[in-house]
Amino acid sequence: MTKRGDKRGDKRLAEQRERQQVYRKRIKTERRPSRDDIARVLLHVVITRSAARDKLDELEKFGDLIVDRLVEQGFDKRVSYDAFDQLVDKYVKQGWEFRRKTHITSEPPTDGDDQE
């Protein structure tokens, strides 16, 4: 026997899936970076610039702040430091750069303001 509330829930979930599909398509079309995209780039910039300027003490303080926030969210402190240190190693010692996101089209969207 199906409860009446289950049918409403199923309908609501189907509508939510549809909204998410439309949203993801729009974001892809607009080539709009997500919060995570921005955060990854920001972290990369902070780490590489700190290392390039030989400001490793600032980078260490920044790492402490990040780990403290991760611990507040329930992550293990030791493992969080290890993860942060691995990123620093990748970005600084291995010269790791971001790879192009292949799901983003190669042609930038046209903007009416750029036309002559």
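All values derive from a computational prediction rather than experimental measurement. (Residues numbered from 1 in each chain as written. Predicted model: local features only at pLDDT ≥ 70, side-chain atom pairs only at ≥ 80, totals over all residues. Heavy atoms only, no water.)

**A word on the packing of aromatic side chains**
Cut-off, in case you're wondering: Here a pair means two rings of Phe, Tyr or Trp (six-membered ring of Trp) with centres within 6.5 Å. Their orientation is stacked below 30 degrees between planes, edge-to-face above 60, and tilted elsewhere. Note on criteria: charge over ring means Lys NZ or Arg CZ within 6 Å of the ring centre, with the direction from the centre no more than 35 degrees off the ring normal.
Taken as a whole and assessed by the stated rule, the structure comprises 1 aromatic pair. For the pair Y91 and W96, a centre-to-centre distance of 5.4 Å together with 20 degrees between the ring planes defines the contact as stacked. In this structure, K90 is placed above the aromatic ring of W96, and the distance from its NZ or CZ to the ring centre is 5.8 Å.

**So, the side chain of S80**
What counts here: Helix and strand assignments come from DSSP, with helices taken as H or I runs of at least 4 residues and strands as E runs of at least 2, each series counted from the N terminus. The cut-offs for exposure are 20% and 50% of the maximum accessible area for each residue type, with area from a 1.4 Å probe on protein chains only; residues under the lower value are buried, those over the upper are exposed, and the others partly exposed. Identification of polar contacts relies on pairs of N or O atoms within 3.5 Å, with a donor-acceptor requirement for protein atoms, meaning one able to donate a hydrogen and the other able to accept it, and with residues adjacent in sequence counted only if both atoms are side-chain atoms. By definition in these notes, contact holds between two residues if any of their heavy atoms fall within 4.5 Å.
Relative to the helices and strands, S80 is located in helix 4 (residues 77-93). The exposure class assigned to S80 is buried, which follows from its relative accessible area of 7%. Engagement of the side chain of S80 in a polar contact is seen with the backbone oxygen of D76, the distance being 2.7 Å. Discounting residues that sit within four places of it in the chain, S80 has contacts with V67, L70 and F75.

**Comments concerning the confidence of the model for the chain**
To be explicit about the condition: Confidence scores per residue from the predictor, reported as pLDDT, run from 0 to 100.
Model confidence for the chain is summarised by a mean pLDDT of 84, while 79% of its residues fall at 70 or above. Per-residue pLDDT stays below 50 along residues 112-116; that stretch engages in 0 contacts with residues further than four places along the chain or on separate chains.

**Some words on a negative patch on the surface**
Here is the rule: Each patch groups residues whose relative accessible area exceeds 30% and which form no salt bridge, using 9 Å between like charges and 5 Å between nonpolar side chains of Val, Leu, Ile, Met, Phe, Trp and Tyr. Only the protein chains shown count as cover for residues, and the accessible areas themselves come from Shrake-Rupley with a 1.4 Å probe. In the sections that follow, a salt bridge refers to a side-chain nitrogen of Lys or Arg positioned within 4 Å of a carboxyl oxygen of Asp or Glu. A residue counts as positive if it is Lys or Arg and as negative if it is Asp or Glu; His and the chain ends are not included. By convention, the charge on Lys lies at NZ, on Arg at CZ, on Asp at CG and on Glu at CD.
A contiguous patch of negative charge, built from D54, D57, E58, E60, D82 and D85, is present on the exposed surface. Looking at the negative patch, the elements with two or more residues in it are helix 3 (56-72) and helix 4. Ranked by the residues each element gives to the negative patch, the list is headed by helix 3, at 3 residues. Summarising the element assignment, E58 is placed in helix 3.

**Quick notes on the nonpolar core**
To be explicit about the condition: By nonpolar core we mean a set of buried residues, namely Ala, Val, Leu, Ile, Met, Phe, Trp, Tyr and Cys, connected to one another through side-chain atoms within 4.5 Å.
Of all hydrophobic cores here, the largest spans 6 residues; its members are L43, I47, L59, F84, V88 and Y91. If one sorts the elements of this core by residue count, helix 4 sits on top with 3 residues.

**Some remarks on the pattern of salt bridges**
For the structure shown, the criterion picks out 4 salt bridges. Close ionic contact of R35 with D36 constitutes a salt bridge, the shortest N to O distance being 3.7 Å. When its relative accessible area of 70% is taken as the criterion, R35 is described as exposed. Since its relative accessible area comes to 42%, D36 is described here as partly exposed. For D37, the salt bridge identified is with R40, shortest N-O distance 2.4 Å. Of the two residues, D37 and R40 are both situated in helix 2 (residues 35-52); the distance of 3 residues between them amounts to about one turn of the helix. For D37, a relative accessible area of 17% corresponds to the buried category.

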